[in-house]
Amino acid sequence: MELLADATDMSRSFPIYFAIWYNQEDKKTMHNYLDSSEFKEASIAVLGNRFVTFIRKTTGGDKIDRTQKRSVSLAVITRCLHS
């Protein structure tokens, strides 16, 4: 997995804006782990609620609609072009 981040004004925002899963088996394992109520509290305690929620969305745990996917893709392309 690769995480893309923007460190601009990092102290007040969530800097990670995109995740790329190279291994679909890892993505599925993470999805199953985060969907397990057995590990939910520990995951949030260690990783934080915002990061857990973000990773759940990237693994399909909280479905992202097509509009959001397009917005994220455009944001990634725009940021890559301006870097």
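The preceding data block contains the structure.
Calculation criteria
Residues numbered from 1 in each chain as written. Predicted model: local features only at pLDDT ≥ 70, side-chain atom pairs only at ≥ 80, totals over all residues. Heavy atoms only, no water. Helix = DSSP H or I, 4+ residues; strand = E, 2+ residues; numbered from the N terminus. Buried < 20%, exposed > 50% of the residue type's maximum accessible area, 1.4 Å probe, protein only. Contact = heavy atoms within 4.5 Å. Salt bridge = Lys/Arg side-chain N within 4 Å of Asp/Glu carboxyl O.

Engineer: So what about the environment of Leu3? Which residues, and what values?
Structural biologist: Position of Leu3 among the secondary structure elements: in strand 1 (residues 2–5). On the basis of relative accessibility, which here comes to 34%, the residue Leu3 falls in the partly exposed class. Residues Leu3 and Tyr17 lie 14 residues apart in sequence; the distance between their C-alpha atoms is 7.7 Å. Setting aside residues up to four positions removed in sequence, Leu3 forms contacts with Ile16, Phe18, Ala19, Phe51, Phe54 and Ile55.

Engineer: Now, about the pattern of salt bridges: what can you tell me, with residues and values included?
Structural biologist: Within the structure shown, the criterion is met by 1 salt bridge. Across the pair Arg56 and Asp35 runs a salt bridge, and its minimum N-O distance is 2.3 Å. With Arg56 in helix 3 (residues 49–59) and Asp35 in helix 1 (residues 24–35), this residue pair connects regions lying 21 residues apart in the sequence. In this structure Arg56 comes out as buried when scored by relative accessible area, which is 17%.

Without other data, these values stay purely geometric and don't point to any function.
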